[in-house]
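# Residue-level structural notes
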Amino acid sequence: MIKIIAIDLDGTLLTDDKHITAKTVAVIKKASQAGIKVVLCTGRPLTGVAEHLRTLGLSGDDQYVITFNGALVQTIEGRVLIHHTLNYNDYVDLEALSRKLHNHFHVETENHIYTANKNISPYTIGESFYVRMGIRYRDVNDMPTSLKISKAMFIDPPEKITTLRKKLPQTFLDKYTFVQSEPYFLEALNKSASKGNALRDLTKRLDLLPENAMAIGDQGNDLSMLQFADTAVAMGNAIPEAKELASFVTSTNEEDGVANAIQKFAF
C-alpha cells in the first residue's frame, strides 16, 4: 500500500510554465486527505516550494519536504530533521575548480545564493527568481567561513555542462555527489546527500518501508529516489536513464502525468 509519495517539482509536478494543473491539485489533495504523505522532493530551497505547497493545501509540522536535492529534510513549518552540508573548505575547492574549468559557479545556503563571479550568470539570476532567494556577490576571501552550504552549482549552457562533467577530477567525484538537475545545472552535494537517501531516511522515521513509497521524477537528480521506491514512476518527458529505472512511465508534465500515476497506484 502506498503511504508516501515523493514528487519532483520542475519537469514533473510543474508544467513547462511552472504551474500545477487543476487535475493534479485535486488528485494530490485527495491523496493527502486519505492519509498519504505527499512530499515535494526538489533541488529548490523551501522558499522556492512554498507557493506550490499552498496550492496543494499542504501544511503543518507533520508534513514534510525534501529540498536542495536531498541535502535538507524538514517539516513544512521549517523544523529541520536532516541537513547534509558543505563547509567553507568545500566551497574553496569547488570554486577553484570552476575557475580552472571556466564555468560559472554559485552556492546556496538556506537563505541566500552566493557567487564570486563578477559577470553573474543569467542562470544564477533565473535560479534566484525561481527559488525566491537573493544573490550576494562575495569574493572568495570575503565568504563567511561559518556558512552551512546546502549545495554548490556549476551553471552554464548545456554544452558547457556536458563538457564539464567529462572533466571532473576523480578526487572530486570521490568526495562529492554530483547530480544534473537541469541541462544547465550540475550540482555538487555532500556525499551523504541525495533525494534517494533523504527519502529513505524520512521513510524510516515514519516507520514505513520501500514498498510503501512511490517516487515520481524526470531528471538525473531523481534517479536515486526512483531506485529506492518500490513504485518508481518516470515522466513521459523524463531522460532515458529515468525511464530505464522506472517500473512505470506515465504521461508528460503537460499531460497530468503525476495525477495519472497517483490514480493508477495509490487509489
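Just above sits the structure.
Now for a look at the structure at hand. Note on numbering: residues in each chain are counted from 1, in written sequence order. Residues qualify for local features only when their pLDDT is at least 70, as the model is predicted, and side-chain atom pairs are given and counted only at 80 or more; totals for whole chains, interfaces and linings, by contrast, use all residues. Hydrogens and water are ignored here; the side-chain numbers use all heavy atoms of the structure.

Before going further, it helps to spend a moment on empty space enclosed by the protein. Put plainly, a pocket is an open set of points on a 1 Å grid over the protein atoms alone with protein on both sides within 12 Å along at least five of seven lines, a cavity is a set where a 1.4 Å probe fits but cannot get out, and a lining residue has an atom within 4 Å of a point. Grid points are joined across faces, edges and corners, and a volume is the space filled by probe spheres set on the points. Enumeration over the complete set of coordinates arrives at 1 cavity of 30 Å³ or more. What the largest cavity holds in volume is close to 30 Å³. Surrounding the largest cavity, Thr12, Leu13, Thr15, Thr21, Thr24, Asn253, Asp256, Gly257 and Val258 form its lining. Taken together, the elements giving at least two residues each to the lining of the largest cavity come down to helix H1 (9–13) and helix H11 (257–265). Gly is put with the polar residues, along with every residue not named as nonpolar or charged; the nonpolar set is Ala, Val, Leu, Ile, Met, Phe, Trp, Tyr, Cys and Pro, and the charged set is Asp, Glu, Lys and Arg. When grouped by side-chain class, the residues that make up the lining of the largest cavity number 2 nonpolar, 6 polar and 1 charged. Going along the chain from the N terminus, every DSSP run of H or I of four or more residues is numbered as a helix, and every run of E of two or more is numbered as a strand.

Another aspect to go through is the packing of aromatic side chains. For any pair of aromatic rings, the description rests on two quantities: the centre-to-centre distance and the angle between the ring planes. Each pair of aromatic rings taken from Phe, Tyr and Trp, with Trp reduced to its six-membered ring, is defined by centres within 6.5 Å and is described as stacked if the planes are under 30 degrees apart, edge-to-face if over 60, and tilted in the remaining cases. This structure, assessed with the given rule, holds 9 aromatic pairs. Here Tyr184 and Phe185 contribute two aromatic rings whose centre-to-centre distance is 4.8 Å and whose plane-to-plane angle is 80°, an arrangement assigned as edge-to-face. Partly exposed residues are those whose accessible area sits between 20% and 50% of the maximum for their type, while under 20% is buried and over 50% is exposed, using a 1.4 Å probe and protein chains only. Judged by its relative accessible area of 27%, Tyr184 is partly exposed. The class of Phe185 is buried, set by a relative accessible area of 7%. The ring of Phe267 has Lys30 sitting right over it, with the charged end atom 4.6 Å from the ring centre. Residue placement shows Arg132 over the ring face of Phe129; its charged tip is 5.3 Å from the ring centre. Working rule: Lys NZ or Arg CZ, within 6 Å of ring centre, within 35 degrees of ring normal, means a charge sits over the ring.

The residue Glu211 is located in the loop between helix H8 (195–205) and strand S12 (213–217) in this model. Along the backbone, Glu211 and Ile4 are 207 residues apart, and their C-alpha atoms lie at a distance of 9.7 Å.

What follows is about a nonpolar patch on the surface. Every patch collects residues that have over 30% relative accessible area and no salt bridge, joining them within 9 Å if they carry like charges and within 5 Å if they are nonpolar side chains (Val, Leu, Ile, Met, Phe, Trp, Tyr). Using the Shrake-Rupley algorithm and a 1.4 Å probe, accessible areas are obtained, with residue cover drawn only from the displayed protein chains. By convention in these notes, a salt bridge is any Lys or Arg side-chain nitrogen within 4 Å of a carboxyl oxygen on Asp or Glu. A cluster of nonpolar side chains, contributed by Ile120, Ile125 and Tyr137, occupies part of the molecular surface with about 250 Å² of accessible area. Assessed through its relative accessible area of 45%, Ile125 is described here as partly exposed.

Of all 5 residues in strand S6 (residues 104–108), 4 are buried; the element is thus mostly enclosed. Following DSSP output, two strands are said to pair if at least two bridges run between them. Note: S6 against strand S9 (residues 151–155), 5 bridges, orientation antiparallel. Counted as the bridge partner of Phe105 is Phe154 from S9. In the sheet, S6 pairs with strand S7 (residues 112–115) via 2 bridges, with the strands oriented antiparallel. Residue Val107 lies in a different strand from S7, and its bridge partner there is Tyr114. Taking the residues that link successive antiparallel strands as the turn, the S6-S7 hairpin has 3 residues.

One number sums up the size of the largest pocket: a volume of about 290 Å³. Lining the largest pocket are 22 residues, with Asp10, Arg44, Glu127, Glu182 and Phe185 sitting closest to its centre. Broken down by secondary-structure element, the contributors of at least two residues to the lining of the largest pocket are helix H5 (122–131), S9, strand S10 (176–182) and strand S11 (185–190). The leading source of residues in the lining of the largest pocket is H5, at 5 residues. Looking at side-chain class alone, the lining of the largest pocket contains 6 nonpolar, 6 polar and 10 charged residues.

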